[in-house]
Every structure is written in structure tokens, then in C-alpha cells.
Amino acid sequence: MGGCFSKPKPVELKIEVVLPEKERGKEELSASGKGSPRAYQGNGTARHFHSEERLPAPHPYPGAQDCVEAAVCHVKDLENGQMREVELGWGKVLLVKDNGEFHALGHKCPHYGAPLVKGVLSRGRVRCPWHGACFNISTGDLEDFPGLDSLHKFQVKIEKEKVYVRASKQALQLQRRTKVMAKCISPSAGHSGSTNVLIVGAGAAGLVCAETLRQEGFSDRIVLCTLDRHLPYDRPKLSKSLDAQPEQLALRPKEFFRAYGIEVLTEAQVVTVDVRNKKVVFKDGFKLEYSKLLLAPGSSPKTLSCKGKEVENVFTIRTPEDANRVVRLARGRNTVVVGAGFLGMEVAAYLTEKAHSVSVVELEETPFRRFLGERVGRALMKMFENNRVKFYMQTEVSELRAQEGKLKEVVLKSSKVVRADVCVVGIGAVPSTGFLRQSGIGLDSRGFIPVNKMMQTNVPGVFAAGDAVTFPLAWRNNRKVNIPHWQMAHAQGRVAAQNMLAQEAEICTVPYLWTAMFGKSLRYAGYGEGFDDVIIQGDLEELKFVAFYTKGDEVIAVASMNYDPIVSKVAEVLASGRSIRKREVETGDMSWLTGKGS
């Protein structure tokens, strides 16, 4: 894992651009996002676990009666680098041919259920077409994020030129495999004042760190603490589906944390960190000693500072409770969203069906302008306007006016007055690192925690990950950046855990994010900060396009709509260490992407 950028190998990429089917709109919300705590398959490593450490599966390892075997094709039916979904009676399997060898795996991405056959096969792994997660074709193991679970790997044998696949019926139906994990063997330390690993923050970074430690055989005490009242949940879904209930958003069920001895302290606020004595103090006075610490506190939404900011029914969205209250109050009423970034636009899109009116107020002249550029921003703005959203651009809120304490009007600097019963503020966030100010743990001028490639802070044994850090981005010349993406937090949590175990891992993930509005998905990979040109292929009007963001003569990011799996393809090229030149994308000739070009 060390120098994963050292030797760019020649990249052989095969791709078919598959246009979306009608049901694609359900993508973002379909999966419950729940993991299954049943682990009955090894995780591809040579480590040995004691049998009692395995979670009891519903049946012990499936016997012959629970297996199904069938011939699925002729050896010549697939060429090298090809993937195909094959039917096995109890479910489908992804069949992959790579270097003359056949592999059979689960066919759906465990994250949100994307069909992996439409993904990208390269360098011994398949990358999900929707959100970029990568799975090893030899083991089924998750190698890059988002998501928590791996794929099942099924047995393949060749007889008389026919390819046979054998699989357990249960695995075919489950579609996901939780890696084997160690359990906690330290004495029931429920009330003791010390823990081996303390993780502050229970978002993706904190949870993946805890799970990675257990997957790597770590069996000491792990305590995860969170300001939230819930177990770790899928926060990006909040703004895309404001009605979602905490149990629908949960990343793992309660039993999972019990089974693997990951203690979660909810509504627990750390107020001081004493690095000399390796101790943290909580708001209620509880003290906890640690030997390794992960700081993953995330960020807090910025609020408005205008006149009337204390008026009722003005919200930021941070928790399921916030999101649920907004929907309840917005039904049939007038709603104003301040900020046309990802959060604001997702909320506006969701509320168009529910609210009487939806208006968006934004300082820039187009939504997403800094992130996606003028032309893409304008095309998306048009899609919103076609859905009755009204925009007030290049202005900001100067006053919130109330009637009997409740919001009635939003007054803009342009002196327009907009009727509003509910206001949602999405104007960015600041790192939640105030509690570290006196700790001796380094913070930069904006309050972010700088870390190195191993997610190590300036204090030995103290790591940090997620939205609150800046880290060196390998493929942009190790420039120190802050990337508050869900997928990035997963990757950083894993690297932090590996380095707590002295495995010398380095962060080298290509950033990947997505948004969903009006049943359409926009995907994005790379790091586009400071782009100086945007090259667009396809049709912006039709919202079927791919946009390449370039700086000088290099492509630094890509965004697409209705053009899968091109963003995963570009992410895979960048992950292989190869750079993409501006001239390669200017011609409109995509052969370089299909592996036929240079």
C-alpha cells in the first residue's frame, strides 16, 4: 500500500458507455444502507481467527443442500477484460474474465445496489459505475470506498470448455459480505476509565476506522463517541431524502456494535484533550484515558448572521431530526433555501414536490459555480426552474422577518422581499475543532487539522480524518487540501486504522462524489480546485454530458450526467497514476478511455 503512486503501470481499460434505464432515478434512495452482520467467509488475508470469534451465521457454513451449481457459459463466450451477469437460479452472479481466468462475484455494489457489470474493470478490480467503490476480483474484498461491505466470491470450475459456478443460496440473496472481524477480548471495560483506541466522531471516518481495526485482528477496547443521539448513519442521504428516519439511515444495526465490541457513546461531547497524559474530558466531567486517538469531529454548518437570525423555523441540516422537521413544516408552505451548493440544491429539489413554493438565494450568479463552472451550473439551474424553483442570484439575506415569533418573510440585499414560512441555510461549514485549541494538536488558520499521508497529526499516536482535516493529495503534487466528501472520509478512516497498527499505509484515493436531484444523478471525480477551463462533450441541454475540468494542459476533475460509467473510468485512470492531457479530451474522441488510445 506504501507508495501507491510509484510505478504507473500501462492501463488497459475496456468500457462500454451504458445509458441509464428508466429506474435509475431510484438509485440514491433505494438501498437501506444497512450492512449485514453475518460474516461467514474469510477476508482474503492469511490471518487466522478462532472459530468462536466468528459471528454465528444463520446456518453454519452452508452445506451441499444450501448450494447451487450450474454451467453459465462456454469458455469462449467471454474475452479477457469482459464482464457478464449470469443467472444461477437463486440470483445473479457477476462473471469476470481477466488474464484468461474466470472469477465469479456478487453482481451488485453493496453500497447502493449499482449493477457492477456496468462498471469498470481494470488492474484486477471492478469499480462501481455509480459511486466509485472498488472490489478485488480475486477475493471480492472492498478496496476503495464508499460503503462498508465486500462482495461474495463464488467458486468457478471449467469442465469440457464450460464454465461452472457454485454458490451458497444465502450468499446469492444477501449480495454483501461483511469481512471477518476480531471481537473485543479485553475484560468488560464498560465503566473503566481507559480504552486502547478512542475515536471522536462517528461519521464514516470514525466507523471505518473502528471496523478496519477489528478486520485487522485488533481485539482491544475501542470506544467511539458522537455528539449525535444516533448510532453512525448515512449523513449524505439527509439532504437528498429529508423524510428518512434514523433507523433507515443506520450504517450498521445495534447488534453489529455489540457483536464486535465497538462501544458507542452517544450525545457525548469532548471538551478537552490532554495529549501529555493521553486523556480526554467530556462535558459531563467523565474522563477517559486512551493509548491511540482518532479525531474525526466533522464540521458544523455556518449560520446566518443577519438581523432576525433568532426567528423560529430557520434551520441548518445536520441531523435526521433537523431534516424531518423541515419537511413537516414545509408541506404546502413557502420555503426559502439560502445557498446553492450541494446541500441547498438537494434540499430545494426534494421540497419542490412538498412545498407550495421553493426559492433559492445565492451570492454567485449560478448554482455550483465554483465547483462545476458556469455552463454546467446554468444547465442545472434550468432543470430547477423547469421544476418551479425560483432563483434570487447575486444577492444575500439582509433580514429575517417574523410574525408572532415565526418566520414570515426573507428580505434580500437587493431589497426584494420573499414570502417564507421555512428557511433552510446551506452556506457551508466550519471544522468542529474548537475543543482542540489549547491541546497542542496543530490546527491551521481556518481551524482544520493538518495531517500527513498516514493521517498522523503533529502529536504521535493522535490521528485525524474526515471533513476536519487537510492532507497531502498524492496526484496533485501533495498539495495540502480539505476534501469534505463522504467517500474520502471512509478512505481516511481506514488509513488511520492501518497506521495505528503500524502498517505504514498512505492515503492515495481519487476523490469521488455524487449528488441526486429530480431523480437525476451527477457524478464527480478528481479535485477541480483552481480549474481554468471546462471541456464539455455531449449535450448540456439534454443533461446528458461529461465535463472535463482542466488546469494548464492537465485534466484535474470530471463530472457527468447520464454518461455512466465515464466518471468511474476517469477515476480509475487517475488512480493508476496516469495523467490525462487536455488535448485527449478536446477532440471528442474517447478512444483513450476505452483502452485503444495512447
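Right above here is the structure, for reference.
A brief look at the structure comes next. A quick note: this is a predicted structure, and the numbers were derived from the prediction, not measured.

Topic: the overall build of the protein chain
Consideration 1: Across its full length, the protein chain holds 12 helices and 35 strands.
Consideration 2: The buried share of the protein chain, reckoned over its 598 residues, is 57%.

Considerations on the sheet that holds strand β20 (residues 357-362)
Consideration 1: Across the sheet, 5 strands lie side by side as β18-β25-β19-β20-β21; this open sheet has parallel pairing. In the strand order of this sheet, the two ends are held by β18 (314-315) and β21 (389-393), each with one partner.
Consideration 2: Pairing geometry for strand β19 (residues 334-338) and β20, over 5 bridges, is parallel. Considered in β20, the bridge of Val337 is made with Val360.
Consideration 3: Helix-sheet contacts for helix α7 (residues 320-330) involve β18, β19 and β25 (422-425), and the interaxial angle to β25 is about 150°.

Let's talk about the packing of aromatic side chains
Consideration 1: Counted under the stated rule, the structure contains 11 aromatic pairs.
Consideration 2: Ring centres 6.2 Å apart and planes at 80° place the aromatic pair Tyr112 and Trp514 in the edge-to-face group. One end of the pair, Tyr112, is in the loop between β4 (101-105) and β5 (120-122); the other, Trp514, is in strand β31 (residues 512-517), with 402 residues separating them in the sequence.
Consideration 3: Judged by relative accessible area, Tyr112 falls into the buried class, the value being 4%.
Consideration 4: The exposure class of Trp514 is buried, given its relative accessible area of 7%.

Details of helix α10 (residues 486-500)
Turn by turn, an α-helix covers 3.6 residues, leaving residues three or four places apart pointing in a common direction.
Consideration 1: The terminal C-alpha atoms of α10, which comprises 15 residues, lie 22 Å apart, in line with the 21 Å expected from a rise of 1.5 Å per residue.
Consideration 2: Of all the 15 residues making up α10, 15 are buried; the element is thus mostly covered by neighbouring parts of the structure.
Consideration 3: Following α10 by one or two positions, Ala502 has its phi on the positive side, about 60°.

Quick word on the packing of helix α3 (residues 204-215) against α10
Consideration 1: The geometry of α3 relative to α10 is characterised by a closest axis approach of 7 Å and an angle of 40° between their N-to-C directions. Taken as a pair, α3 and α10 cross one another with a handedness that is right-handed. Within the contact between the two elements, α3 uses Ala204, Ala205, Val208, Cys209, Thr212 and Leu213 and α10 uses Trp486, Ala489, His490, Gly493, Arg494, Ala497, Gln498 and Met500.
Consideration 2: Here the contact of α3 with α10 is built from residues that sort into 9 nonpolar, 4 polar and 1 charged.

Considering the sheet that holds strand β8 (residues 142-144)
Consideration 1: Across the sheet, 4 strands lie side by side as β5-β6-β7-β8; this open sheet has antiparallel pairing. On the outer flanks of this sheet lie β5 and β8, each paired with one strand and no other. Adjacent strand axes in the sheet meet at a mean angle of 30° when their direction is disregarded.
Consideration 2: Alignment of strand β6 (residues 125-127) against strand β7 (residues 134-136), held across 3 bridges, turns out to be antiparallel. Residue pairing in the sheet places Arg127 in a bridge with Cys134 of β7.
Consideration 3: Most of the contacts of helix α11 (residues 566-575) go to β6, to which it runs at about 135°, and overall it touches β5, β6 and β7.

A short note on the pattern of salt bridges
Consideration 1: Counted under the stated rule, the structure contains 36 salt bridges.
Consideration 2: For Glu312, the salt bridge is made with Lys406, and the minimal N-O distance between the two is 4.0 Å. You can see Glu312 sitting in the loop between β17 (299-301) and β18 and its partner Lys406 sitting in strand β23 (residues 406-412), a full 94 residues away along the chain.
Consideration 3: Taking the relative accessible area as the measure of exposure, Glu312 reaches 45% and is therefore partly exposed.
Consideration 4: The partly exposed category is assigned to Lys406, whose relative accessible area is 43%.
Consideration 5: A single network of salt bridges, built from pairs that share partners, joins Glu364, Glu365, Arg369, Arg370, Glu374 and Arg378.

Concerning the side chain of Thr550
Consideration 1: By the secondary structure assignment, Thr550 is in strand β34 (residues 544-551).
Consideration 2: Beyond its immediate stretch of four places on either side in the chain, Thr550 contacts Phe531, Asp532, Asp533, Ile535, Val555, Ile556 and Lys582.

A look at the nonpolar core
Consideration 1: Residues Leu198, Val273, Leu294, Leu295 and Phe471 are the most contacted members of the largest nonpolar core, which totals 102 residues.
Consideration 2: Of the residues forming this core, the biggest block, 8 residues, is contributed by α10.
Consideration 3: Filtering out sequence-adjacent residues up to four positions away, Leu198 remains in contact with Val223, Cys225, Val280, Leu288, Tyr290, Lys292, Leu293 and Leu294.
Consideration 4: Judged by nonpolar contacts, the second largest core, of 49 residues, contains Leu238, Met345, Leu372 and Leu513.

Description of the side chain of Ser576
Consideration 1: Mapping Ser576 onto the fold places it in the loop between α11 and α12 (582-586).
Consideration 2: A polar contact is formed between the side chain of Ser576 and the backbone oxygen of Val573, at a distance of 2.6 Å.

Describing α7
Consideration 1: Along α7, the residues classified as buried are Pro320, Asp322, Ala323, Asn324, Val326, Val327 and Ala330.
Consideration 2: Buried residues belonging to α7 abut α4 (236-240), α5 (246-249), β18, β19, α8 (342-351) and β25.

Structural notes on the pairing of strand β9 (residues 153-159)
Along any regular strand, the residues point their side chains to alternate faces of the sheet.
Consideration 1: With 2 bridges connecting them, β4 and β9 associate as antiparallel partners. The residue bridging Ala104 from the neighbouring strand is Phe154, located in β9.
Consideration 2: What sits between the antiparallel neighbours β9 and strand β10 (residues 162-168) is a turn of 2 residues, in which Lys160 has the positive phi angle 50°.

A few points about unusual backbone geometry
Glycine aside, the phi torsion of most residues is negative, and most peptide linkages are trans.
Consideration 1: Phe145 connects to Pro146 through a cis peptide bond whose omega is 20°.
Consideration 2: The phi dihedral of Arg123 falls on the positive side, at around 50°, and the residue is not glycine.
Consideration 3: Looking at the secondary structure, you find Arg123 in the loop between β5 and β6.
Consideration 4: At Glu504, a position not held by glycine, the phi torsion is positive, near 55°.
Consideration 5: Along the polypeptide, Glu504 turns up in the loop between α10 and β31.

Procedures and definitions
- Residues numbered from 1 in each chain as written.
- Predicted model: local features only at pLDDT ≥ 70, side-chain atom pairs only at ≥ 80, totals over all residues.
- Heavy atoms only, no water.
- Helix = DSSP H or I, 4+ residues; strand = E, 2+ residues; numbered from the N terminus.
- Buried < 20%, exposed > 50% of the residue type's maximum accessible area, 1.4 Å probe, protein only.
- Pairing = 2+ DSSP bridges.
- Contact = heavy atoms within 4.5 Å.
- Axes fitted to C-alpha atoms, helices over the stretch in contact; angles between N-to-C directions.
- Phe/Tyr/Trp six-rings, centres within 6.5 Å; stacked < 30°, edge-to-face > 60°.
- Expected span 1.5 Å × (residues − 1).
- Left-handed = near helix turned anticlockwise from the far one by under 90°.
- Nonpolar A, V, L, I, M, F, W, Y, C, P; charged D, E, K, R; others polar.
- Salt bridge = Lys/Arg side-chain N within 4 Å of Asp/Glu carboxyl O.
- Core = buried A, V, L, I, M, F, W, Y, C linked by side-chain atoms within 4.5 Å.
- Polar contact = N/O pair within 3.5 Å; in protein donor to acceptor, adjacent residues only side chain to side chain.

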